[in-house]
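Given next are the chains, with one letter for each unit.
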Amino acid sequence: MPFLAVIAAATGWVSFLTNLEASRHKIEEQGLQAAAALSQDNAKDLLHTLEAVDHITYYIKSGWEASNGRLTLESASQIKDVPEDFSFYITIIDENANLLLSTVPNPYRANVLNRPYFSAHRQARDVFYAGPAQVGDFSRRPIIPFSRRLSDSRGNFNGIVLVSVVPGNFISGYDDAVLKNHGILAVMGADRSMRLARLGKQLVLPQSPLLTDTLSFEYPSGSTLLNGKEWFADGRNRYVGWETIDEYDFILFTGLDQEEFLAPYKAERAALIRNAILLTIVLGLLSLAATMSIMLHAWRRCQLETMQETYRAATEGADEGFYIASPIRNEDGKVVDFRFTDCNERGAEFLGYRRQELIGKRILELYHGEVANRTMRMLCYAMKHRSYEGETDMTSLGIEGPAWLHIRISRPENDLAITVRDISHAKAHVFELERRSNEDALTGLPNRHWVTNFLPDALQQATISRTTVALLFIDLDGFKAVNDTMGHEAGDEVLRNAGRRLKEAVRPHDPIVRLGGDEFLVILEHLTNNNEAAHVAERIMEAFRPPFRVSQGTHSIGTSIGISMFPKDGKEAHTLLKNADIAMYSVKAAGKCGYHFFDESFYDALVSRHQREKELRYALDHDQMVVFYQPKVDIATGTTSSLEALVRWAHPTQGIVAPNEFISLAQETGLIARLGEQVIEKVCAQLAYWSEHTQQLVPVAINISPTHFQNGNIVEVLSSCMKRYGIPASLIELEITESTMLENTEEVTQAINALRKMGVTLSVDDFGTGYSSLSQLHSLNFDVLKVDRAFTVRLNRSKDGNILFTTIIKMAHSLGMRVVAEGVETLEQIKTLKAMQCDEIQGFYISQPLPPADAQPVLPKWFFPSIM
Ligand SMILES: Nc1nc2c(ncn2[C@@H]2O[C@H](COP(=O)(O)OP(=O)(O)OP(=O)(O)O)[C@@H](O)[C@H]2O)c(=O)[nH]1
């Protein structure tokens, strides 16, 4: 392409320059012709002028000779055939060359003896003399002299008649339009000497050189180009023409200045060349642009082909399918279909073809209906946006082959390059992960993660359908005991069974979720009122009424259910979940096993509980706990046998707060362990203090919470404290609740054995509230059995009450344990207990818990005079 453009441009230029040269020749030809024509025209005028002058001289000569010198010059005005504007002087000069007569006004008196126009006639016979231009001898103005001889009657020389013609008469033919500023119009004599000339506007007399040399003309008339440097004083080239006037032996000479004559041509040539250059540049640029575009196109095509080739080769053995699809357009240019123009074997296989079969096929030939629409939408999208990437569920489209394909489309040029990868395995893996991330492994129920995805959609649907959704937050009651008593595996089994029971209690499509631990969630959609949710809650509670049977035994489990309703209790999933949880918590707080709909007040209760917890923490951090001491009296001797340490909260604003107001909070928040440690510390410190003032101290009993046992550090805490304060083991009793025994785990047994080794006394607290048997207590080797207040209250009220108490005392004694009756409030009870041989008594009748004092609050013996 560029080569062709150069050739075309070069050819154009050669032809253009040749044409220009031809034009120049033509113009030069015209110059020569014009010079010749000018010479001819002016020669005719010159001939007329010369004939006029000749006529005048002849007329005067004839008149002079005929009148024997008596002619007056006034008659000259009557001469016929003289042009009106012809300007000349007539002068008669005598034989001695002196002026005789003249039409020159006030002529100069000059002798013209040596003038050629005079001397030419002295010897010669009559001739018509024409001289070169000169300054007139009588007029002193430029003139051209013409003369004839005058003879007397005998034929002797008698002077001359001189006609001095103003030069303008000869060169009036100078045409400014043709000859311009440097043209020449000249008159030459037969001797080729210049007689008169005009150069531009300037009159040139023979004295000033116009030509550098004498011209020699081969022909009487003609034209030629004269080199300025060779021929003209001003050095300018000229087209010259000449015409010989034979009658008077004159030559009329014209010169057209070459530069001036060619100026229009040169201007036009310059314009043409300028335009040609511009045209060449434009053509060059266009051809360059066209070349670049062609090259770019070719390069892209080559790239595309290479890419296709490479891609096909690369993917032939691989897993990726590869296709090239060309759009098919209608008359309006709209894409209406695509045709496969290339593909690899794998790609063809994805669509159920061989490569050769697929190439040439159209999309709308392969697919119909929705599949065709979706495919066309995808390909048209890629056409418009130049790329597309996505995953397609082929199974849902009803296309055989891989279940999932990853499709990537790019549009490098006009065609689409499509790569397809089978991602069925990866997808299956993702789905499996997704399923796992949404499923609780233990129960197979959906998990909390599933809820976060499910609930927002469900709530949106409910908003649209203007229905209600209920969230039932279910926490199993006393589940921990299953783990503790029957082991973790039994706990797992109970959780699985719980899931099954929940399923049976709700409609088949109601989702049941295990949120974690022993917490479940039931979602009830499309409800119209609260009753429906209440009804389901009751069914759930009913479903949990039968005890759970697991391989390790049976266990009864209740349910605490909190219910939040959409949209009343929250617009968003997390708010509804939180409020259902709060409602559930309120059920727990109210004694478990029941259901509550969410109420704002629950929230307030939770907030105040949180506030109380903060205060309790503060109390522990700032030593607000104090220990009171309640005496236990030996019923046989009436002496104080020991003191029970009972913790109180010396609240800065509420005064002394009883333990029932904060112990369960301490247990729930895990602060119970710290509280227990503080009590141990305070008791040891108190005993150390008392020992400084009192010789005989009675032991102090410390209540140890089950949590302390679970933490497993009770032994270390107690022994280090006793060591620090120098307290002997004989002064320490530990009261351990019956429920702690129930959690008869390895840790509890180990801890009890270690304490026993330390030598401290061990008491079973609140006996009768749990289900421990006396033999179980015996195996743990306890020293004291504290019978719960509930049994003491029944004394003397019924026969059974007394029999039961007597039995407990007898059995405890037979196992070597002393018995303490708790909650003794009347003298009568004391008497009965004494009769039953109960060992010790404790209760308000004897003493309230007393604040610490300088000495141990030991009661005087006279305190019980009536029974002592
Ligand atoms: N077996 C088993 N136990 C679990 C699992 N997840 C959590 N737990 C236990 O479930 C118990 C749940 O604690 P709580 O709800 O406080 O126990 P609870 O006895 O039901 O207490 P209340 O709800 O107050 O009646 C904890 O002891 C957890 O260790 C599990 O997957 N399997």
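Residues numbered from 1 in each chain as written. Predicted model: local features only at pLDDT ≥ 70, side-chain atom pairs only at ≥ 80, totals over all residues. Heavy atoms only, no water.

Draft legend 1. Region of the structure containing the pairing of strand β14 (residues 335–343). Where strand β13 (residues 321–329) and β14 come together, seven bridges link them in antiparallel fashion. Considered in β14, the bridge of A325 is made with F340. (Pairing = 2+ DSSP bridges. Helix = DSSP H or I, 4+ residues; strand = E, 2+ residues; numbered from the N terminus.)

Draft legend 2. View of the pattern of salt bridges. According to the stated counting rule, one finds 43 salt bridges in the structure shown. Note that D475 and K588 form a salt bridge whose closest N and O atoms lie 2.8 Å from each other. Taken together, the positions of D475 in strand β18 (residues 468–477) and K588 in helix α17 (residues 573–589) put the pair 113 residues apart, joining distant regions of the chain. Each of the two residues, D475 as well as K588, counts as buried. The partner of D484 in a salt bridge is K480, and the shortest N-O contact between them spans 3.0 Å. One end of the pair, D484, and the other, K480, are both in helix α14 (residues 479–486), four residues apart, so they sit about a helical turn from each other. Judged by its relative accessible area of 48%, K480 is partly exposed. A single network of salt bridges, built from pairs that share partners, joins K632, E644, E733, E735, K786 and E822. (Salt bridge = Lys/Arg side-chain N within 4 Å of Asp/Glu carboxyl O. Buried < 20%, exposed > 50% of the residue type's maximum accessible area, 1.4 Å probe, protein only.)

Draft legend 3. Here's a closer look at empty space enclosed by the protein. Under the criterion given, the structure shown has four cavities of 30 Å³ or more. In this model, the largest cavity occupies a volume close to 60 Å³. Lining the largest cavity, in full, are Y89, T91, V104, Y117, Q134, G136, D137, F138, S139, I143, L162 and S164. Of all the elements in the fold, those that place two or more residues in the lining of the largest cavity are β1 (88–93) and β6 (157–165). Residues of the lining of the largest cavity, tallied by class, amount to six nonpolar, five polar and one charged. N42, D45, L46, T49, N169, F170, I171, S172, G173 and L252 together form the lining of the second largest cavity. Sorting the residues of the lining of the second largest cavity by element identifies α1 (2–66) and α3 (168–171) as the ones contributing at least two each. (1 Å grid on protein atoms, 1.4 Å probe; cavity = no way out; pocket = protein on both sides within 12 Å on 5 of 7 lines; lining within 4 Å. Points joined across faces, edges and corners; volume = space filled by probe spheres on them. Nonpolar A, V, L, I, M, F, W, Y, C, P; charged D, E, K, R; others polar.)

Draft legend 4. Structural view of the packing of α14 against helix α15 (residues 488–505). Where α14 contacts α15, the axes come no closer than 6 Å and their chain directions differ by 145°. Residue-level inspection shows F479, V482, N483 and M486 of α14 in contact with α15, the latter providing H488, A490, G491, V494 and L495. For the contact of α14 with α15, the residue count by class is six nonpolar, three polar and no charged. (Axes fitted to C-alpha atoms, helices over the stretch in contact; angles between N-to-C directions. Contact = heavy atoms within 4.5 Å.)

Draft legend 5. Representation of a negative patch on the surface. Among the surface-exposed residues, E51, D246, E247 and D249 lie close enough to one another that they form a single negatively charged patch. Position of D249 among the secondary structure elements: in the loop between β11 (238–245) and β12 (250–257). Among the residues examined, D249 registers a relative accessible area of 44% and is labelled partly exposed. (Patch = residues over 30% accessible without salt bridge, like charges linked within 9 Å, V, L, I, M, F, W, Y side chains within 5 Å. Areas by Shrake-Rupley, 256 points an atom, 1.4 Å probe, with all protein chains shown as cover. Lys, Arg positive; Asp, Glu negative; His and termini not counted. Charge placed at Lys NZ, Arg CZ, Asp CG, Glu CD.)

Draft legend 6. Representation of the layout of surface pockets in the model. There is about 1,000 Å³ of room inside the second largest pocket. Lining the second largest pocket are 35 residues, and of these E644, L646, P659, N703 and D765 sit closest to its centre. For the lining of the second largest pocket, the secondary structure elements donating two or more residues are β26 (640–651), α19 (663–669), α20 (672–693), β28 (700–704), α21 (706–711) and β30 (761–767). Of the residues forming the lining of the second largest pocket, the biggest block, five residues, is contributed by β26. Of the residues belonging to the lining of the second largest pocket, the class tally is 14 nonpolar, twelve polar and nine charged.

Draft legend 7. Here's a closer look at the site of the ligand. The immediate surroundings of the ligand are formed by 16 residues, with G478, N483, D492, D518 and K588 found nearest. Taking D475, its side chain carries an N or O atom lying 2.9 Å from an oxygen atom of the ligand. N483 is positioned with one of its side-chain polar atoms (N or O) 2.8 Å from a nitrogen atom of the ligand. Secondary-structure elements contributing two or more residues to the shell around the ligand are β18, α14 and α15. Per element, the largest residue contribution to the shell around the ligand is four residues, and it comes from α15. Class assignment of the residues belonging to the shell around the ligand gives a composition of three nonpolar, five polar and eight charged. (Near = heavy atom within 4 Å. Polar contact = N/O pair within 3.5 Å; in protein donor to acceptor, adjacent residues only side chain to side chain.)

Draft legend 8. Structural view of the packing of aromatic side chains. The full count for this structure, using the stated rule, is 14 aromatic pairs. Consider the rings of F128 and Y248, whose centres lie 5.6 Å apart with planes at 65°: the pair is edge-to-face. Here F128 is found in the loop between α2 (116–122) and β3 (129–130), whereas its partner Y248 is found in the loop between β11 and β12, with 120 residues between them in sequence. Plain terms: the ring middles of Y381 and Y388 are 6.0 Å apart, the flat faces sit at 80° to each other, and that makes the pair edge-to-face. In this structure Y381 comes out as partly exposed when scored by relative accessible area, which is 41%. One aromatic cluster is present, formed by F128, F146, F170 and Y248 through successive ring pairs. Between R140 and the ring centre of Y108, over which it is positioned, the NZ or CZ distance is 4.3 Å. Sitting over the face of the ring of F232, R238 holds its NZ or CZ atom 4.7 Å from the ring centroid. (Phe/Tyr/Trp six-rings, centres within 6.5 Å; stacked < 30°, edge-to-face > 60°. Lys NZ or Arg CZ within 6 Å of the ring centre and 35° of its normal.)

Draft legend 9. Inspection of the sheet that holds β12 at higher detail. Across the sheet, which stays open at both edges, the six strands sit in the order β9-β8-β7-β12-β11-β10 with antiparallel pairing between neighbours. A single partner strand is all that each edge strand has here, and the edge strands are β9 (202–204) and β10 (221–226). Direction aside, neighbouring strands of the sheet carry axes that sit 15° apart on average. Pairing between β11 and β12: eight bridges, direction antiparallel. Note that in β12 the partner of I245 across the bridge is F250.

Draft legend 10. The arrangement of the pairing of strand β20 (residues 519–527) in detail. In terms of burial, β20 is a largely internal element, seven of the nine residues being buried. Here seven bridges tie β18 to β20, and the two strands are oriented antiparallel to one another. Note that in β20 the partner of L472 across the bridge is V522. Summarising the sheet, strand β19 (residues 512–516) and β20 pair through four bridges and their orientation is antiparallel. The partner of G516 across the bridge, within β20, is E519. Between β19 and the antiparallel strand that follows it, β20, lie two residues; G517 among them carries a positive phi value of about 50°.

Draft legend 11. Summary view of the sheet that holds strand β16 (residues 404–410). Judged by pairing direction, the sheet is antiparallel, and its five strands sit side by side in the order β14-β13-β17-β16-β15 without closing on themselves. At either end of the open sheet lies a strand with only one pairing partner, and these are β14 and β15 (387–393). For this sheet the average axis-to-axis angle between neighbouring strands, irrespective of direction, equals 25°. Direction of pairing for β15 relative to β16: antiparallel, over a ladder of seven bridges. The partner of Y388 across the bridge, within β16, is I409. Seen against the sheet, helix α10 (residues 369–385) touches β13, β14, β15, β16 and β17 (416–422) and runs at an angle of roughly 85° to β14.

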